[in-house]
Amino acid sequence: MAVDLLLGLQWGDEGKGKIVDVLTKNYYIIARFQGGPNAGHTLVFNGMKHVLHTIPSGIFHEDVKNLVGNGVVIDPVIFKKELDKLTDQNVDYRKTLLISRKAHLILPTHRLLDAASEASKGKAKIGSTLKGIGPTYMDKTGRNGIRVGDLELENWKAKYRQLANKHQAMIDFYNIELEYDLDELEIEFFKAVETLKSLEFIDSEEYLHQAQRDQKSVLAEGAQGSLLDIDFGTYPFVTSSNTTAAGACTGLGVAPNSIKDVFGIFKAYTTRVGSGPFPTELFDENGETMSRVGHEFGATTGRARRCGWLDLVALRYACQVNGVTQLMMMKADVLSGFKTLKVCTAYNYKGKEIKHLPYNIESESVSPVYTDFKGWEEDLTSMDSAKTLPESLINYIEFLEDELQIPIKIVSVGPDRKQTIFR
Ligand code: GDP
Ligand code: IMO
Ligand code: MG
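Residues numbered from 1 in each chain as written. Chains lettered and ligands numbered in written order. Predicted model: local features only at pLDDT ≥ 70, side-chain atom pairs only at ≥ 80, totals over all residues. Heavy atoms only, no water.

Q: Sorry if this is basic, but what is going on with the sheet that holds strand β1 (residues 3-8) here?
A: Within a beta sheet, neighbouring strands are joined by backbone hydrogen bonds and run either parallel or antiparallel to one another. If you walk across this open sheet you meet the ten strands as β9-β7-β5-β2-β10-β1-β11-β15-β19-β20, and the pairing is mixed. Of all the strands in the sheet, just β9 (200-202) and β20 (420-422) have a single pairing partner and so form its edges. Adjacent strand axes in the sheet meet at a mean angle of 25° when their direction is disregarded. Pairing between strand β11 (residues 259-267) and strand β15 (residues 326-330): five bridges, direction parallel. Note on β15: the bridge partner recorded for Phe263 is Gln326. (Pairing = 2+ DSSP bridges. Helix = DSSP H or I, 4+ residues; strand = E, 2+ residues; numbered from the N terminus. Axes fitted to C-alpha atoms, helices over the stretch in contact; angles between N-to-C directions.)

Q: It is not clear to me how the coordination of the magnesium ion (ligand 3) should be interpreted in this structure. Could you clarify?
A: In ideal tetrahedral geometry, four donors around a metal make angles of 109.5 degrees, whereas ideal octahedral geometry with six donors gives angles of 90 or 180 degrees. The magnesium ion (ligand 3) binds to the protein through Asp13 (OD) and Gly40 (O); the donor distances cover 2.1 to 2.2 Å. One end of the pair, Asp13, is in the loop between β1 and α1 (16-23); the other, Gly40, is in the loop between β2 (29-32) and β3 (41-45), with 27 residues separating them in the sequence. According to the relative accessible area criterion, Asp13 is partly exposed, its value standing at 21%. (Donors = N, O, S within 2.8 Å, 3.2 Å for Na, K, Ca; no water. Buried < 20%, exposed > 50% of the residue type's maximum accessible area, 1.4 Å probe, protein only.)

Q: Is there a simple way to think about the packing of helix α3 (residues 108-121) against helix α6 (residues 182-197) in this case?
A: Each packed pair of helices is defined by two parameters, the angle between the axes and the distance between the axes. Direction vectors running N to C along α3 and α6 enclose 130°, while the axes themselves pass 9 Å from each other. Viewed along their axes, α3 and α6 adopt a mutual orientation that is oblique. Residues Pro108, Thr109, Arg111 and Leu112 of α3 form the contact with α6, whose participating residues are Leu182, Leu185 and Phe189. A breakdown of the residues in the contact of α3 with α6 according to their chemical character gives five nonpolar, one polar and one charged. (Parallel < 35°, antiparallel > 145°, perpendicular 65-115°, else oblique. Contact = heavy atoms within 4.5 Å. Nonpolar A, V, L, I, M, F, W, Y, C, P; charged D, E, K, R; others polar.)

Q: Hey, could you run me through the nonpolar core in this one?
A: Soluble globular proteins tend to bury their nonpolar side chains together. Core analysis: the largest hydrophobic core is formed by 57 residues, its most contacted members being Met329 and Tyr396. What Tyr396 contacts, discounting residues up to four positions off in sequence, is Ala268, Leu310, Met329, Leu335, Leu341, Val343, Phe373 and Trp376. (Core = buried A, V, L, I, M, F, W, Y, C linked by side-chain atoms within 4.5 Å.)

Q: Looking at this model, I keep getting lost on the side chain of Arg32. Mind explaining?
A: Looking at the element boundaries, Arg32 is found in strand β2. We note that Arg32 is buried and unpaired, the nearest opposite charge coming from Glu221 at a distance of 5.1 Å. Within the structure, Arg32 has its side chain in polar contact with the backbone oxygen of Gly36 (distance 3.3 Å). Beyond its immediate sequence surroundings of up to four residues, Arg32 is in contact with Ala39, His41, His53, Thr54, Pro56, Leu67, Val68, Gly69, Val72, Glu221, Ala223 and Leu252. (Lys, Arg positive; Asp, Glu negative; His and termini not counted. Salt bridge = Lys/Arg side-chain N within 4 Å of Asp/Glu carboxyl O. Polar contact = N/O pair within 3.5 Å; in protein donor to acceptor, adjacent residues only side chain to side chain.)

Q: Can you help me understand the packing of helix α5 (residues 156-174) against α6 in this one?
A: Running from N to C, α5 and α6 cross one another at 145°; their axes reach a closest spacing of 14 Å. Viewed along their axes, α5 and α6 form a crossing whose handedness is right-handed. The residues of α6 that touch α5, namely those facing Trp156, Lys157, Tyr160, Arg161, Ala164 and Gln168, are Leu182, Glu186, Phe189, Phe190, Val193 and Lys197. When the residues that make up the contact of α5 with α6 are grouped by side-chain class, the tally is seven nonpolar, one polar and four charged. (Left-handed = near helix turned anticlockwise from the far one by under 90°.)

As structure tokens, this is what we get:
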């Protein structure tokens, strides 16, 4: 059986969690392939809102396996908090949650290193979520990391101590003021590690190969968005993993030719949290309206998200890099009431109009070329059929489909599971 892939096409927070939850009933396994607790995936159903950081978004479905893949980095402390919340909600995750032995661990000192690195950058900071993501992936590629499977070995604490000591020397090297009590952080960490050890660790690539042989369907869940990809994003203002389709192959051990559908999720406008270029960013009333109506505040850090018009240049690029086969447009409801909508269809770049994403998209280099669209007044939030969507919205959708040559199969009109229109 093939593997389907679901990933964000912008700068994250497109609504991946919601759509994974909506699609989970069609799958046997939901598998997260990269990122870590920098992610915040929101699910809303039965009047309740749930935010997941490391745990796959299929966890609320009883009979579905949820795998944390080898490409993910796990902070045991945050993971334990997520588990505690699930317990409070009577979610029996013990039978369904599986952890790859090859996933790497975020140590307390990784978080401190993240903070030290950001503080040392001053105005040039990335705007990291400060969850220790960068330093943990650095230790992974530097071949120093500690993996989940190491927790089953006798000597893992010696390995931990060696690495934590090295980190402390590195923190000192930054020579910035950072207040912390490592003893206290370690007590919390080691306690959380015991909780993690009570879960089922597996050789996940073998598990997924067997599942495929047994005709069991798999949905790979991405975190962040394509423009935050370490290779293809707006470097250096990116995260430290491959958020694009290739990341699912390395982050789960599935072969490229076993991937069938690639679901690309995007908002009907654009948001970004943290630093970095954002050609269609708005600093006016329109941007404020998007922020207010869309409740654009980070699910992990609570920071305000920057808002702007839809950027088709960037979206086209993301569709190409990922091989997207189906699109899902989120938060269409937020645009109700705008008289005119703008879509960036090209960039002015060095005196020329271009349609591809150039190396540098800082505002000194590119300025967006917009096409205007008539807005719609109707409240979409209680609509449940594609037939009832306003004509101006259908025009907007059909224009995007035409430009991207990919069908938009889902239009989301509210945060709830039920506020999902299939086309
Ligand atoms: P993710 O990281 O891609 O899973 O997205 P987040 O959960 O960080 O951010 C998406 C936010 O938009 C969450 O607060 C969702 O509840 C909300 N949301 C998702 N889809 C819709 C939608 O169609 N309309 C509205 N108004 N909110 C939505
Ligand atoms: P989900 O999965 C939005 C951003 C941070 C920062 C940059 C690097 O919820 O879509 P990091 O902590 O990885 O070192 O931060 O990436 N970022 C996200 N923005 N959604 C996310 O995840 C993000 N994860 C990281 O704001 O700009
Ligand atoms: Mg999010």
